[in-house]
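Structural description and commentary
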Amino acid sequence: MKKFASFFAAALGPVLLYLLLWPVPVSPVAWNAPAAPGYTGPHAVNTRLGNLQMIDLQGEVGPEHIQFGRDGKLYTTVASGNILRMEADGTAQQVFANTGGRVLGFDFDAQGNLIAADAVRGLLSIAPDAKVTVLTNTVNGDPIRYADAVVVAKNGKMYFSDASTRFAPKDWGGTFEASVLDILEQASTGRILEYDPATKTTRLVASGLSFANGVALSEDEQSLFVNETGKYRVWKIAVNANELDVRTLGTQTHAQAQVLLDNLPGYPDNLMRGLDGKIWLGFAKPRNPTVDNMAGKPWLRSLTLRLPRVLWPIPKAYGHVIAFTEDGKVVADLQDPSGSYPETTAITETKDRLYVQSLHAHGLGWLPK
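All right, on to the nonpolar core then. One finds Tyr146, Phe225, Val234, Leu264, Leu271, Leu281 and Phe324 to be the most contacted residues of the largest nonpolar core, which totals 33 residues. Of all the secondary structure elements, the ones that give two or more residues to this core are helix 2 (175-185), strand 20 (257-261), strand 21 (266-273), strand 22 (279-286) and strand 23 (319-324). Sorting elements by how many residues they give to this core places helix 2 first, with 6 residues.

Printed below as a string of structure tokens:
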């Protein structure tokens with residue numbers, strides 16, 4: 001028995017040292033995660049997102065963002081770096097462009113150029129002939145590491161999120177892997193930027209966001225709606241805010257920024273303006289009690305990254321999208337508890353269809369209205 005105990009201790013010692021001391025890429029910050037609301041009230045469990053009809057993407061994966069261009073064609077970005085163009089029913093598919101990176105969100109400017117938030121290359125403009133131009137990849141001399149979502153105002157200014165200034169997808173294995181590291185760390189380094197094509201300048205609108213994600217403009221274009229994925233909430237931030245650090249606001253009311261939706265039941269991802277004043281929001285994943293319980297235990301989050309990836313507390317698949325009004329009222333909630341269509345990042349709404357965006361799906365899902 002003594003020999004066995006000695007052998008066990010000798011074998012266990014290196015494992016304990018590894019779990020406690022092996023370097024990890026994150027420096028976790030303690031924070032207070034609110035108690036998850038569960039699927040109640042406006043988010044009561046339903047299956048309205050089930051039974052999606054599918055458009056085959058011919059081997060492409062991850063229609064992360066969907067928009068219709070001025071030419072009436074449906075455009076979507078996929079994991080290969082391609083931007084696909086097709087008819088509304090999915091026919092006549094073709095590769096419109098490939099940026100050499102990974103476009104996440106995009107919008108169109110008044111000239112019909114596709115303005116792309118490329119997680120690898122920065123903010124890009126892609127002309128109708130597919131010529132790619134880098135508009136900006138730095139702000140105040142600092143690299144834009146994780147361009148995520150973008151919206152173009154009527155005056156031509158472009159507002160976009162730089163999800164993390166700590167973890168660039170090109171350095172950490174891709175967009176999903178980098179997002180996991182950033183949210184586990186909770187250093188809140190995400191920011192919202194403005195690019196002015198008239199002056200070709202980039203400025204910092206707001207910072208201090210835990211994985212700054214989806215961006216949408218208010219109807220009067222005086223405010224931005226911004227998903228703060230890592231803290232389960234949506235901000236409303238004035239477009240004329242300048243270098244505003246939302247971490248300094250706490251719970252106080254501020255003239256230029258306020259939390260519009262708080263303590264959501266999942267990780268909010270993209271934002272898309274719909275019809276009749278609605279704004280669609282998608283949840284990439286539901287809340288995970290294990291992750292929330294580790295909020296105040298930074299050392300435990302460090303230990304998690306020393307475990308095999310299969311043991312990471314990645315939340316289960318759960319389809320979920322909502323729509324809300326500009327005053328924060330939830331007016332639609334569609335769910336698929338089976339999670340058969342993974343990472344439902346938002347909805348693109350037309351008069352007769354709801355197209356479902358997704359980070360990892362192998363097809364383009366849609367529902368008739």
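Before going further, it helps to examine the environment of Asp269. Note on placement: Asp269 falls in strand 21. Not counting residues within four places of it along the chain, the set of residues in contact with Asp269 comprises Glu64, Asn213, Gly214, Asn227, Thr229, Gly282, Ala284 and Thr345.

Glancing now at unusual backbone geometry. With a phi close to 55 degrees, Asn51 is a non-glycine residue in the positive phi region. Along the chain, Asn51 turns up in the loop between helix 1 (2-21) and strand 1 (53-56). A relative accessible area of 76% means that Asn51 is categorised as exposed. Of note, the phi angle at Asn263 is positive, near 50 degrees, even though the residue is not glycine. Note that Asn263 resides in the loop between strand 20 and strand 21.

A separate point is helix 2. Summarising burial for helix 2: 10 of the 11 residues are buried, a large majority. Within helix 2 the residues assigned to the buried category are Thr175, Phe176, Ala178, Ser179, Val180, Leu181, Asp182, Ile183, Leu184 and Glu185. Against strand 6 (103-108), strand 21 and helix 4 (298-304) lie the buried residues of helix 2. Phi turns positive one or two residues past the end of helix 2, at Gln186, with a value near 65 degrees.

So, on to the pattern of salt bridges. The final tally for this structure, using the stated rule, is 16 salt bridges. A salt bridge links Glu228 to Arg233; the shortest N-O distance between them is 2.5 Å. No difference in accessibility class separates Glu228 from Arg233, as the two residues are buried. Between Lys369 and Glu349 there is a salt bridge, with the nearest N and O atoms lying 2.8 Å from each other.

The 4 strands lie next to each other as 21-22-23-24, forming an open sheet whose pairing is antiparallel. If you trace the sheet from one side to the other, it starts and ends with strand 21 and strand 24 (330-336), each paired once. Taken over all neighbouring pairs, the strand axes of this sheet differ in orientation by 20 degrees on average, direction set aside. Here strand 21 runs beside strand 22; their pairing, made up of 6 bridges, is antiparallel.

Right, let's get into the packing of aromatic side chains. In total, this model carries 10 aromatic pairs according to the counting rule given. Taking 6.3 Å as the distance between ring centres and 75 degrees as the angle between the ring planes, the aromatic pair formed by Phe225 and Phe324 counts as edge-to-face. One end of the pair, Phe225, is in strand 17 (residues 223-228); the other, Phe324, is in strand 23, and 99 residues separate them in sequence. In this pair, the class of Phe225 matches that of Phe324, namely buried. Aromatic side chains Tyr232 and Tyr267 sit 5.1 Å apart centroid to centroid with 65 degrees between the ring planes, which places their arrangement in the edge-to-face category. With Tyr232 in the loop between strand 17 and strand 18 (233-238) and Tyr267 in strand 21, this residue pair connects regions lying 35 residues apart in the sequence. Neither residue differs from the other here; Tyr232 and Tyr267 are each classed as buried. Three or more aromatic residues link up through ring pairs in this structure, and these residues are Tyr75, Phe96, Phe106 and Phe108. Positioned over the ring face of Tyr232 is Arg287, at 3.7 Å from the centre of the ring. Of note, Arg353 hangs over the ring of Trp366, and the distance from its end group to the ring centre comes to 3.4 Å.

The buried fraction of strand 23 amounts to 6 of the 6 residues, a majority that puts the element mostly inside the structure. Burial along strand 23 is two-sided: Gly319, Val321 and Ala323 facing one way and His320, Ile322 and Phe324 facing the other are all buried. Direction of pairing for strand 23 relative to strand 24: antiparallel, over a ladder of 6 bridges. Across the sheet, the residue bridging to His320 is Gln335, located in strand 24.

Reading the values: the criteria
Residues numbered from 1 in each chain as written. Predicted model: local features only at pLDDT ≥ 70, side-chain atom pairs only at ≥ 80, totals over all residues. Heavy atoms only, no water. Core = buried A, V, L, I, M, F, W, Y, C linked by side-chain atoms within 4.5 Å. Buried < 20%, exposed > 50% of the residue type's maximum accessible area, 1.4 Å probe, protein only. Helix = DSSP H or I, 4+ residues; strand = E, 2+ residues; numbered from the N terminus. Contact = heavy atoms within 4.5 Å. Salt bridge = Lys/Arg side-chain N within 4 Å of Asp/Glu carboxyl O. Pairing = 2+ DSSP bridges. Axes fitted to C-alpha atoms, helices over the stretch in contact; angles between N-to-C directions. Phe/Tyr/Trp six-rings, centres within 6.5 Å; stacked < 30°, edge-to-face > 60°. Lys NZ or Arg CZ within 6 Å of the ring centre and 35° of its normal.

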